[in-house]
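# Reading the structure
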Amino acid sequence: MTALHELSVAELSKALRTRGLSSVELTRAFLARIEQHQGKLNAFISILYDTALAEAQRADARLRLGEAGALIGVPLAHKDIFCTQGHKTTCGSRMLADFVSPYDATVVARLRAAGVVTLGKTNMDEFAMGSSNETSYFGPVRNPWDLTRVPGGSSGGSAAAVAARLTPAATATDTGGSIRQPAALCGITGIKPTYGRVSRFGMIAFASSLDQGGLLTRSAEDSALLLSAMAGFDERDSTSVELPVPDYAATLEQPLKGLKIGLLKEFFDDGLDADTAQRIRDALEVLHQQGATLREVSLPHLPLSVPTYYVVAPAECSSNLARYDGVRFGYRCDNPRDLLDLYQRSRGEGFGAEVKRRIMTGTYVLSAGYYDAYYLKAQRVRALISADFERAFHEVDVLIGPTTPTPAFELGAKTSNPVTMYLNDIYTIGANLAGLPAISVPCGLVQGLPVGLQIVGPHFAEPKLLNVAHRYQQETDWHRRAPPGFS
Amino acid sequence: MSLSRQDIDKIAHLARLALTESEIPAYVENLSRILALVGELERAETNQVEPMAHPLPGQRQRLRADAVTATDQHELYQRNAPQVEAGLYLVPRVIE
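Residues numbered from 1 in each chain as written. Chains lettered and ligands numbered in written order. Predicted model: local features only at pLDDT ≥ 70, side-chain atom pairs only at ≥ 80, totals over all residues.

### Examining the overall build of chain B
- On a plain count of helices and strands, chain B comes out with three helices and two strands.
- Ordered by position from N to C terminus, the α and β elements of chain B give α-α-α-β-β.
- What you see for chain B is a C-alpha radius of gyration of 23 Å, clearly larger than the 12 Å of a compact globule of 96 residues, by over 25%.
- Dimensions of chain B, computed from the C-alpha atoms along their principal axes, are close to 55 × 50 × 25 Å.
- Considering chain B as a whole, with its 96 residues, one finds that 16% of them fall into the buried category. (Helix = DSSP H or I, 4+ residues; strand = E, 2+ residues; numbered from the N terminus. Rg over C-alpha atoms; globule rule 2.2 N^0.38 Å. Buried ≥ 20, exposed ≤ 12 C-beta atoms within 10 Å, placed from the backbone.)

What follows is the structure, encoded as structure tokens:
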């Protein structure tokens, strides 16, 4: 029999109904695994032993009553950016190290209503600013494929936990690649939905025109099941989109015959590792074999996406993080001399180096005399990048390329120069700027480290992305590979 | 674009961030690097392009009825405050 931690969400759902497996038993098994590996990976900030078991008992009661709902009793972990009522919600920061959320994020409330059990809150880069999970106040997360390497970021804890089979799935967020990049580096599946598809209410804000909640799972099928429960209109998020949520699982099996794939020319650049490029070409061949047609597509403004992002995101971050003032909630410095000293030292001591760097960059590009040259200019280039994507989707159904230029890098390798870290997101940022849905799926190994294939679609094309990813996963078994020592 | 020590002091003040003396050289260097990166934007021809603030086309700001929908929960919310007295947030004296 397959071990419990190897079962997919769909299989767990079935086992809870037909095999006499209880959610309490399942929850205990995952909590034990988390405890066993937490010292090595540091994937969690909070492990919710007591409430998880209480939730599992309630789920078992619902199951005994024969309640419908595929997710009842299935365990899951939340990125510590999502507010969870009565639990610490730290966002990976000293600023919120003792913050106990008085309410649930909409994502948390919806999954709770669907019956999932929350195992814990996962580690992350501070305020989701980072690509390696090294900016967390609670220490770095390690990649289960190689403990000397980073898991990616900012959702590094969620990715490492799913890859190491410490949870069947985890929530995550993506502002510039924070779901897809760690998915690629940890050999799992990660979907960033269309901007506005998943509610941002209770999801701690970083850059509000880019932030989007999503999922890290082992397969596209599991993402489809969870996304159906998580997505949808929320009046408490002013940019939530009023569109019905499709049943994402219903269209997974559609044949790929006639699918028009665009190969992103700009992604196969000098910065792309040759072995990674080969794995992407191998994956494209698998899709071609299933009847998809391939053509090269050029998005000429895409190489400007990193500079555009590093104006827009810091600008929005400097504004969003102004709320941390040491007065109403969060960290306060000792013995403030006056109100200005209280603001400045609470923020100076409460935020880490990367967060301060971005707040200062944002403050600068928004300051008098620079606003037009930087901020308005970046918004204009953002429009050009978005128009490039729109033109491409007149010709093709999806765009495909690598998720990252290289597999996971070593801890500390990119911490001395922030720009080298920023360039790791070169292939993922475009989808955020244009608000597009995108998914990363594992497509091979390079020297024992996972490689991610990225599929980008037009707005609200999540069903198509999940369909392509699922069909690819029917033909390959990369998504079933566990890191050595975690099977 | 290279920033000076004085530029960093000014930006940090605008952002209400107290920096320690030992942190400052790294910010001078790294913010200059970041501005060099974003300087690449000058290459793009954007005279005829409208700035884009929202990633989805055709979205409009929703409005709701002007009705009371939230209940008073200040006691719950103030549990996270560093210092509270009689339902008020305490800060250092502002008016002498």
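Once the structure has been displayed, the description carries forward.
### Examining the environment of A:Lys356
- Within the secondary structure layout, A:Lys356 lies in helix α11 (residues 353–366).
- C-beta crowding within 10 Å serves as the criterion here: with 22 such atoms nearby, A:Lys356 is assigned to the buried category.
- Residues A:Lys356 and A:Leu321, spaced 35 residues apart in sequence, show a C-alpha to C-alpha distance of 10.0 Å.
- Once residues lying within four places of it in the same chain are set aside, the contact partners of A:Lys356 are A:Phe351 and B:Leu17. (Contact = placed C-beta atoms within 7 Å.)

### Structural notes on the interface of chain A and chain B
- Each side of the interface is counted separately: chain A has 56 residues, and chain B has 39 residues.
- Of all the secondary-structure elements, those providing two or more residues to the side of chain A that touches chain B are α9 (305–320), α10 (339–350), α11, α12 (371–395) and α13 (418–422) of chain A.
- At 11 residues, α12(A) tops the list of elements feeding residues into the side of chain A that touches chain B.
- The class makeup of the residues in the side of chain A that touches chain B is 29 nonpolar, 17 polar and 10 charged. (Nonpolar A, V, L, I, M, F, W, Y, C, P; charged D, E, K, R; others polar.)

### Describing the domain arrangement of chain A
Residue and element names in this part refer to chain A.
- Examined at the domain level, chain A breaks down into domain 1 (4–260 + 396–480) and domain 2 (303–379).
- Placing the centre of domain 1 and that of domain 2 at their C-alpha centroids yields a distance of 27 Å.
- On the side of domain 2, 22 residues touch domain 1, which itself brings 27 residues to the contact.
- Counting residues per element, the ones that place at least two in the side of domain 1 that touches domain 2 are α13 and α14 (429–433).
- By residue number, the principal contributor to the side of domain 1 that touches domain 2 is α14, which donates three residues.
- Counted by class, the side of domain 1 that touches domain 2 contains 16 nonpolar, eight polar and three charged residues. (Domains from an automatic or database assignment.)

### Regarding the pairing of strand β9 (residues 398–402) of chain A
Residue and element names in this part refer to chain A.
- Across the five residues of β9, five count as buried, placing the element largely inside the fold.
- Bridge analysis of strand β7 (residues 260–264) against β9 gives three bridges, and the strand direction is parallel. Bridge pairing in β9 places Gly262 opposite Leu399.
- Bridging between β9 and strand β11 (residues 449–456) involves four bridges; their strand directions are antiparallel. (Pairing = 2+ DSSP bridges.)

### Side note on the pairing of strand β10 (residues 438–446) of chain A
All names here are of chain A.
- Counting buried positions along β10 gives seven out of nine residues, so the element sits mostly inside the fold.
- Across three bridges, strand β5 (residues 189–192) lies against β10 in antiparallel orientation. Among the inter-strand pairings, Ile191 is bridged to a residue of β10, identified as Ile439.
- Summarising the sheet, β10 and β11 pair through seven bridges and their orientation is antiparallel. Considered in β11, the bridge of Ser440 is made with Gln454.
- Hairpin remark: β10 followed by β11, antiparallel, with two residues in the connecting loop; positive phi at Gln447, about 50°.

### As for α11(A)
- With 14 residues, α11(A) should cover 20 Å at 1.5 Å per step; its first-to-last C-alpha distance of 20 Å lies within 8% of that length.
- Summarising burial for α11(A): 12 of the 14 residues are buried, a large majority.
- Of all the residues in α11(A), the buried ones are A:Glu354, A:Val355, A:Lys356, A:Arg357, A:Arg358, A:Ile359, A:Met360, A:Thr361, A:Gly362, A:Thr363, A:Tyr364 and A:Val365.
- Taken together, the buried residues of α11(A) touch α9, α12 and α13 of chain A together with α1 (5–14) and α2 (24–38) of chain B. (Expected span 1.5 Å × (residues − 1).)

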